[in-house]
Amino acid sequence: MSESDNDTADLNRFMRSFRERFSPMYPVEVRRADLGDHWGDTGIVMRKGEPKFLIRIHRGLSKEAVSMVLAHELAHTIQWRINEDARES
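On a predicted model such as this, the values are computed, not experimentally measured, just so you know. (Residues numbered from 1 in each chain as written. Predicted model: local features only at pLDDT ≥ 70, side-chain atom pairs only at ≥ 80, totals over all residues. Heavy atoms only, no water.)

(A) Region of the structure containing the pattern of salt bridges. Scanning the model with the defined rule gives 5 salt bridges in all. When the shortest N-O distance is used, the salt bridge between arginine 47 and glutamate 29 registers 3.5 Å. Placement of arginine 47 in strand E2 (residues 40-47) and of glutamate 29 in strand E1 (residues 28-33) is noted, with a sequence separation of 18 residues between them. For glutamate 29, a relative accessible area of 14% corresponds to the buried category. Members of the salt-bridge network, linked through shared partners, are Glu29, Arg31, Arg47 and Lys52. (Salt bridge = Lys/Arg side-chain N within 4 Å of Asp/Glu carboxyl O. Helix = DSSP H or I, 4+ residues; strand = E, 2+ residues; numbered from the N terminus. Buried < 20%, exposed > 50% of the residue type's maximum accessible area, 1.4 Å probe, protein only.)

What follows is the structure, encoded as structure tokens:
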């Protein structure tokens, strides 16, 4: 198994653990991308007519940086849920 495969497996385990513990408003999709000067971003996109959170993480980051950026971006998905729940109550 290559280092890239190990990183992908680690990312998949991390996301599985996140989904078991938290419930964001929409499903979360994570992708690696070339983002220039940005380390990561989060947005809501439509996939097959359904909203999803799309987290993009810069492809050139180290494994440790990817973990920190992913945790940060996932916090945005949780905050969206908190803000929406507060508006509804």
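(B) Geometry of the nonpolar core. The biggest cluster of nonpolar side chains holds 13 residues, and the ones touching the most others in it are Met15, Val28, Ile55, Ile57, Leu61, Leu70 and Leu74. Contributing elements (two or more residues each) for this core: helix H1 (3-21), strand E3 (50-58) and helix H2 (63-88). When residues of this core are assigned to their parent elements, the largest contribution, 5 residues, is made by H2. Other than its neighbours up to four places away in sequence, leucine 70 contacts Leu11, Phe14, Met15, Val30, Ile55 and Ile57. (Core = buried A, V, L, I, M, F, W, Y, C linked by side-chain atoms within 4.5 Å. Contact = heavy atoms within 4.5 Å.)

(C) Broad picture of the sheet that holds E1. Reading across the sheet, the 3 strands line up as E1-E3-E2 and stay open at both edges, with mixed pairing between neighbours. Only two strands of the sheet have a single partner each, and these edge strands are E1 and E2. Averaged over all pairs of adjacent strands, the angle between strand axes in this sheet comes to 30°, irrespective of strand direction. (Pairing = 2+ DSSP bridges. Axes fitted to C-alpha atoms, helices over the stretch in contact; angles between N-to-C directions.)

None of the figures reported here should be taken as evidence of function without further support.
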